[in-house]
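Inside the fold
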Number of protein chains: 2
Amino acid sequence: MPFQPDENDVLAINTIRTLALDTVNKANSGHPGAPMGMAPITHLLFSRFFNCNPENPSYVNRDRFVLSNGHACALQYTLLHLLGYKVSLDDLKQFRQLDSITPGHPEVGVTPGIEVTTGPLGQGFANAVGLAIAQAHLGASFNKDNYALFDNYTYMFTGDGCLMEGVSSEAASLAGHLKLGNLIAIYDDNQISIDGSTEIAFTEDVAKRFEAYDWQVLHVDNGNDDLQAMFEAIEQARAEKHKPTLIRLKTTIGYGSRDQGTHGVHGNPLKADDTVAIKKKFGFDPEQFFVVPEKVREMYASYAKRGAEHEQQWQKLHREYESKYPEEAADIARRIAGKLPDGWEKALPEFKPGDDAVATRKLSEMILGKLSTVVPELVSGSADLTPSNLTRWKNAVDFQPKENGLGDYSGRYIRYGVREHGMGAIANGIAAYGGNLMVPAIGTFLNFVSYAAGAVRLAALSHLRVIWVATHDSIGLGEDGPTHQPIETVAHFRALPNCNVWRPADGNETSASYYVAMTSTRTPSILCLSRQNLNQLKGSSIEKASKGGYVLEEVENADITLVATGSEVGLAVEAAELLGKQGVKARVASLPCWEVFRQQSDDYKLSVLPDGAPILSIEAYTTMGWAEWSHAHMGIDTFGASAPAKAVYKKFGLTGEDVAKRSQKAIDYFKKLGHPVYSPISQQLNI
Amino acid sequence: MPFQPDENDVLAINTIRTLALDTVNKANSGHPGAPMGMAPITHLLFSRFFNCNPENPSYVNRDRFVLSNGHACALQYTLLHLLGYKVSLDDLKQFRQLDSITPGHPEVGVTPGIEVTTGPLGQGFANAVGLAIAQAHLGASFNKDNYALFDNYTYMFTGDGCLMEGVSSEAASLAGHLKLGNLIAIYDDNQISIDGSTEIAFTEDVAKRFEAYDWQVLHVDNGNDDLQAMFEAIEQARAEKHKPTLIRLKTTIGYGSRDQGTHGVHGNPLKADDTVAIKKKFGFDPEQFFVVPEKVREMYASYAKRGAEHEQQWQKLHREYESKYPEEAADIARRIAGKLPDGWEKALPEFKPGDDAVATRKLSEMILGKLSTVVPELVSGSADLTPSNLTRWKNAVDFQPKENGLGDYSGRYIRYGVREHGMGAIANGIAAYGGNLMVPAIGTFLNFVSYAAGAVRLAALSHLRVIWVATHDSIGLGEDGPTHQPIETVAHFRALPNCNVWRPADGNETSASYYVAMTSTRTPSILCLSRQNLNQLKGSSIEKASKGGYVLEEVENADITLVATGSEVGLAVEAAELLGKQGVKARVASLPCWEVFRQQSDDYKLSVLPDGAPILSIEAYTTMGWAEWSHAHMGIDTFGASAPAKAVYKKFGLTGEDVAKRSQKAIDYFKKLGHPVYSPISQQLNI
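Going along each chain's sequence as written, the residues are numbered from 1 onward. Chains carry letters from A onward and ligands carry numbers from 1 onward, assigned in written order. For a predicted model such as this one, the threshold for reporting local features is a pLDDT of at least 70, and the threshold for listing and counting side-chain atom pairs is 80 or more; totals across whole chains, interfaces and linings nevertheless cover every residue. Hydrogens and waters are ignored; side-chain quantities use all the structure's heavy atoms.

If you look chain A up in an unreviewed UniProt entry, it shows as Transketolase from Rhodotorula taiwanensis. Check the Catalytic activity (unreviewed entry) section of the UniProt entry for chain A; it says "D-sedoheptulose 7-phosphate + D-glyceraldehyde 3-phosphate = aldehydo-D-ribose 5-phosphate + D-xylulose 5-phosphate". UniProt positions are given in the numbering used here, feature names are shortened, and annotations may be inferred rather than shown by experiment. Turning to chain A, the UniProt record has this under Sequence similarities (unreviewed entry): "Belongs to the transketolase family."

Shown next as structure tokens:
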């Protein structure tokens with residue numbers, strides 16, 4: 001269609017500007033500058049190109065929109081309102097107020113139409129790469145001639161801030177390598193950040209950098225007025241099928257304000273008289289607030305209608321597809337519904353005490369291999385540690401652009417490169433594509449999950465099922481030394497709300513960790529897996545471990561309970577045996593996942609860690625946090641050491657003998673006190 | 001001097017190769033590939049250019065060398081041995097063994113001659129940028145005509161892995177902006193990473209990217225043999241005074257091995273027969289190990305001698321300088337000796353209860369301003385949040401290249417851009433320049449310190465005094481919402497060994513946090529500072545708060561102890577008053593820094609949190625970890641909410657009334673138990 005912008009477009013643009021302005025002013029908090037500067041491109045994108053159905057925000061083949069510069073969310077809320085999502089003018093008036101659906105930064109699940117949670121800079125950029133990967137993969141997996149069931153675009157707005165962050169650099173480099181033609185980033189090149197002009201810290205040639213990443217880079221020099229140029233740029237971006245596109249759009253931050261083009265309009269409401277002047281300039285009555293002209297309502301209703309029709313067409317297409325490709329159609333329907341394949345869990349291997357001692361990373365490899373055949377939505381990958389993380393199943397196909405001859409988009413193994421933060425944020429985007437369409441598993445060393453802390457946090461806040469395969473999980477990795485040995489890592493992620501940290505002790509527990517990770521559809525999981533071999537334990541089972549904690553060895557009238565995780569459970573068993581020889585009765589409990597254990601009934605929890613005897617924990621990490629479960633704690637509250645694993649364990653006093661000695665000390669202490677011993681659980685339940 | 005490589009250079013190169021090979025083989029663990037590939041450039045750099053004095057590793061104007069690809073450390077240890085640092089052949093034979101000085105990755109402080117701890121990829125790259133900033137700053141501050149006291153170069157080796165990491169992208173962009181001509185990065189472009197060829201994930205045009213950052217990029221296409229080209233590249237790099245240089249050096253990983261050029265030689269010892277063949281190829285006796293030909297010993301002794309003379313010359317220069325510029329010379333000497341100026345601490349402001357309520361971030365601004373005048377080595381900065389972090393004192397000069405007209409290299413305020421991870425790792429490099437030459441303070445929101453987790457960890461492991469000014473420290477930031485409100489953050493860094501986390505409650509505590517941060521020369525500090533105003537507390541003092549914890553309000557025969565940090569101390573005071581009215585006697589303790597409190601005597605700690613009454617903690621973060629100090633814990637174990645601060649506090653049950661209610665519950669519980677109440681401290685001391 002030929003592009004014919006008219007005065008109604010200008011009216012709509014100014015409506016967006018004044019609505020966003022009113023929204024920020026009413027809250028007396030927020031960021032007016034970017035919404036005012038980006039109103040033209042926003043209107044243009046959603047009026048002329050964007051496919052979505054506000055009646056059904058989860059319509060699967062909708063275009064995805066990501067506001068990576070999430071502080072500009074007054075813009076996005078305004079737009080969602082105009083398009084007819086369930087975001088009312090009253091909701092706009094509740095911007096940044098308690099329990100509103102218009103929080104200070106966009107949050108997926110809180111506001112209809114928001115795809116990913118943004119605000120922490122750079123995250124949205126990488127999420128968009130993940131959303132684009134998801135489309136490319138699903139398209140390659142399911143589309144047939146004349147049946148392009150998955151062909152949506154991912155549009156992303158980004159500011160200077162996002163582009164300074166390393167996480168976006170990582171994601172951009174990978175997106176270029178992957179030749180994601182379905183990804184269109186619009187860079188709000190307003191040259192202003194909180195500290196002032198970008199001249200003070202960000203003078204690189206962004207366009208050239210993105211060309212170096214093998215992106216198509218387009219330039220719009222007047223993003224305030226030149227609708228024609230914006231239109232053409234988006235068209236050209238859509239036409240390029242083998243490269244992602246960055247549209248460098250020069251805008252004036254806070255366009256219309258007397259302080260436009262300065263950082264004064266970035267992060268604070270505008271002054272009252274400035275607001276009046278702006279409204280007058282744009283032909284709006286300064287005495288009226290939250291005004292949407294009837295014409296603009298009509299226009300946006302027509303865009304919404306276009307979107308509804310887009311979905312209807314898709315439904316029709318899917319029905320036809322169903323008759324020709326019933327199996328694939330059923331798979332799509334199941335995945336959209338967010339269901340795992342029936343009986344998938346039967347693929348999880350079970351183990352008996354006599355079975356070989358195996359490293360839990362190796363057990364994870366076995367499980368991923370088995371799941372790969374029954375759970376087609378499982379997509380694995382690693383940040384360049386494939387032979388160490390063991391994340392790639394036999395005969396896996398790499399997710400690669402066909403052109404490089406190394407795989408294709410239907411491939412289910414992603415080579416993320418040495419980019420942990422990018423990987424985490426991209427995986428968030430993959431998971432955010434919706435339902436069970438894709439379930440990402442991503443590998444690195446446990447210690448380097450910390451590089452991706454920002455992304456893990458947003459997975460948790462956004463309720464995304466991302467599975468971190470975090471191998472080399474303790475000093476047990478040995479020679480690589482303290483730079484690679486996690487100490488604080490697990491405490492960090494245990495303290496993060498809605499994040500399941502698993503540290504399985506053997507084969508059954510590893511199966512359990514995958515079972516719960518796969519079925520926890522609204523929670524990311526970090527599986528901490530050993531480099532070294534671990535014995536198959538007597539008393540473990542998938543069912544028991546799936547409770548997050550259980551009794552491995554029960555003893556009546558115990559003198560002490562030993563509780564441990566992962567590789568140290570075997571140590572506890574060894575110590576219990578040693579204690580037995582000394583006439584001390586020790587129970588052993590395994591606690592592979594605190595978060596899941598907390599969800600069990602109080603009675604159950606107390607049955608695992610009961611009153612009546614002291615509880616001693618053993619874990620080769622910081623002891624911080626263990627007082628929730630135990631009276632005394634063995635661990636490592638310093639950094640580790642470079643040496644063969646056994647030598648390191650010995651150095652830090654983590655041997656069966658050390659545990660036995662410490663047990664005796666705990667028993668003696670409570671004996672001397674002479675009053676009943678209460679489990680920390682029982683105390684917490686009662687205060 | 002004209003460059004004349006001869007057969008002795010080749011002999012030296014092959015000596016490095018075989019020594020590194022023997023080192024890895026003896027350990028049966030490590031990375032032989034990069035050392036063998038990078039031996040030529042290493043020999044060339046250290047034989048022809050590098051200034052250092054192995055007799056005095058801390059000679060202040062030495063060139064700095066950073067091995068960002070730290071896994072290649074067998075190369076670095078070999079070189080340190082040859083140069084005559086206190087790294088013996090026996091030390092090489094102890095590679096990766098317990099308590100050796102040759103751990104699996106380079107650790108500063110462990111091995112003489114190691115400048116920064118590397119291994120976690122990308123960190124060394126950014127550290128090198130910090131080291132270069134330090135030189136530039138000190139040169140601009142102290143050098144005079146004919147007295148170039150600070151003119152060293154920083155050389156850094158980097159591999160593909162480092163360049164994929166976002167942290168190096170951030171640092172590279174800033175280094176280009178800052179025009180750091182003293183920084184020379186040598187990129188080992190061997191096209192191999194752990195997963196195999198870089199073709200699978202890293203196909204960007206690295207040279208072009210660095211040009212976009214405004215670096216000089218030089219190419220050496222044969223890094224295995226073409227010594228002439230390597231020499232010229234380094235000369236050209238040194239000649240460019242206004243841009244950092246990246247030398248793209250094509251090498252063959254594992255050069256000499258039958259598997260050279262593959263990932264097979266990256267991270268595992270080579271096979272015995274391969275080792276034999278390599279040694280034969282290089283003219284070494286395969287039956288002999290750790291061999292250094294006499295000629296090579298002589299050569300390296302001459303380089304060491306050159307370095308010792310370099311320092312002698314510097315000493316002479318400094319003596320002359322002293323007579324002309326006694327004040328500056330004394331300042332340099334003081335800073336080299338690692339001493340703060342006498343009486344500096346008198347600049348710390350003290351407060352009385354009647355004084356204005358002020359946000360701790362604002363108090364921090366006041367302190368930075370005062371310290372700026374008495375502690376010239378203090379260098380502040382922010383990741384683009386200057387007006388929020390309040391890190392820039394009045395009339396500060398920006399650290400900028402003169403050319404851009406925005407400051408100069410003598411400036412003490414660094415505009416890091418939105419690059420938290422880069423900022424943290426650069427600050428590590430600044431602090432690592434040595435002694436008290438520079439003390440970096442760096443600002444961002446507390447929540448986004450997590451982006452820099454990798455750098456904070458290395459600051460702690462490396463014993464670097466870096467001061468994080470982490471403002472907007474809780475739900476008290478209000479409207480920005482859960483994406484910006486820290487919950488797990490403080491638990492994370494408290495669990496990190498050797499990291500002081502401060503959360504001051506008022507002016508005196510803020511002064512105390514700076515006092516201890518400045519004097520903790522071997523520990524990084526994170527100062528968690530409020531956005532909102534806090535009252536000046538009755539009972540606080542710099543001296544008391546400097547102990548990390550103290551009694552704010554003492555009561556005899558107390559029914560309960562309330563313990564809190566930061567903004568919640570005021571809440572505890574309010575609750576104590578409320579309880580008093582109900583006839584309940586409540587003591588109040590403040591615990592601004594757990595790590596420092598732990599270092600106090602047992603008696604002191606027990607005097608603050610004594611036996612005899614239940615202890616209730618209040619802190620607007622995760623409750624994880626508090627069981628070390630308290631019986632019951634009030635906090636937030638979910639994500640926060642977007643709303644004005646007061647509304648958010650109320651939502652999460654953090655009001656004086658809530659605290660009073662919970663206190664009563666704790667008192668009742670222990671009363672019912674009917675036995676003495678023991679402080680968690682007393683329990684931990686005894687088990």
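Having seen the structure, we can now continue with the description.
We define a salt bridge as a contact between a side-chain nitrogen of Lys or Arg and a carboxyl oxygen of Asp or Glu at a distance within 4 Å. Tallied over the full model, the rule gives 64 salt bridges over all chains. One salt bridge in this structure joins Lys243(A) and Asp214(A), with 3.2 Å as the shortest N-O distance. With a gap of 29 residues between them, Lys243(A) in the loop between α9 (227–239) and β7 (245–250) and Asp214(A) in the loop between α8 (206–212) and β6 (216–220) connect regions that are remote in the sequence. A relative accessible area of 28% places Lys243(A) in the partly exposed class. Only protein chains enter the accessibility calculation, which uses a 1.4 Å probe. A residue is then buried if its area is under 20% of the maximum for its type, exposed if over 50%, and partly exposed in between. Residue Asp214(A) is classed as partly exposed on the basis of its relative accessible area, which comes to 26%. The partner of Lys250(B) in a salt bridge is Asp189(B), with the nearest N and O atoms 3.5 Å apart. Placement of Lys250(B) in strand β7 (residues 245–250) and of Asp189(B) in strand β3 (residues 183–189) is noted, with a sequence separation of 61 residues between them. Residue classification places Asp189(B) among the buried positions, given a relative accessible area of 7%. In this structure, a network of salt bridges that share partners links the residues Asp189(A), Asp221(A), Arg248(A) and Lys250(A). Secondary structure is summarised from DSSP: a helix means a run of H or I of at least four residues, a strand means a run of E of at least two, and numbering begins at the N terminus for each.

A few words on the sheet that holds β3(B). Residue and element names in this part refer to chain B. In space, the 5 strands of this open sheet follow the order β1-β2-β3-β7-β6, with parallel pairing throughout. Each of the sheet's edge strands pairs with one partner strand only, and the pair in question is β1 (64–67) and β6 (216–220). For this sheet, the mean angle separating the axes of adjacent strands, direction not counted, is 15°. Across 4 bridges, β1 lies against strand β2 (residues 154–158) in parallel orientation. Bridging from a neighbouring strand, Arg64 pairs with Thr154 of β2. Only when DSSP finds a minimum of two bridges between them are two strands counted as paired. Every axis corresponds to a line fitted to the C-alpha atoms, with the helix fit spanning only the stretch in contact, and the corresponding angles, defined between N-to-C directions, vary from 0 to 180 degrees.

Let us now look at the relation of the copies chain A and chain B. Between the two copies of this chain, the relationship is a rotation about some axis together with a displacement along it. Superposition record for chain A on chain B: RMSD 0.0 Å, screw rotation 180°, translation along axis 0.0 Å. Overall, the copies show the geometry of a two-fold rotation axis. Working rule for contacts: check all heavy atoms of both residues, and any pair within 4.5 Å makes them a contact. Taken as a fraction of all interface residues of chain A, those also at the interface in chain B reach 99%, which identifies the copy contact as same-surface. To line up the copies, we fit them by least squares on C-alpha atoms, keeping just the residues with pLDDT of at least 70 in both.

Attention now goes to the environment of Phe142(A). Residues and elements named next belong to chain A. Tracing the chain through its elements places Phe142 in helix α5 (residues 123–142). Considering only alpha carbons, one finds Phe142 and Val551, 409 residues apart in sequence, at a separation of 46 Å. Setting aside chain neighbours within four positions, we find Phe142 in contact with Phe150, Tyr321, Glu328, Asp331, Ile332 and Arg335.

What follows deals with the sheet that holds strand β11 (residues 439–445) of chain A. Residue and element names in this part refer to chain A. Taken in spatial order, the 6 strands of this open sheet run β10-β9-β11-β12-β14-β13, and their pairing is parallel. A single partner strand is all that each edge strand has here, and the edge strands are β10 (413–415) and β13 (500–502). Adjacent strand axes in the sheet meet at a mean angle of 20°, parallel and antiparallel pairs treated alike. Judged from the 3 bridges that link them, strand β9 (residues 378–382) and β11 form a sheet pairing that is parallel. Within the sheet, the bridge partner assigned to Ser382 lies in β11 and is Gly443. Against the sheet, helix α15 (residues 420–432) makes contact with β9, β10, β11 and β12 (467–471), and its axis sits at roughly 170° relative to β11, the strand it touches most.

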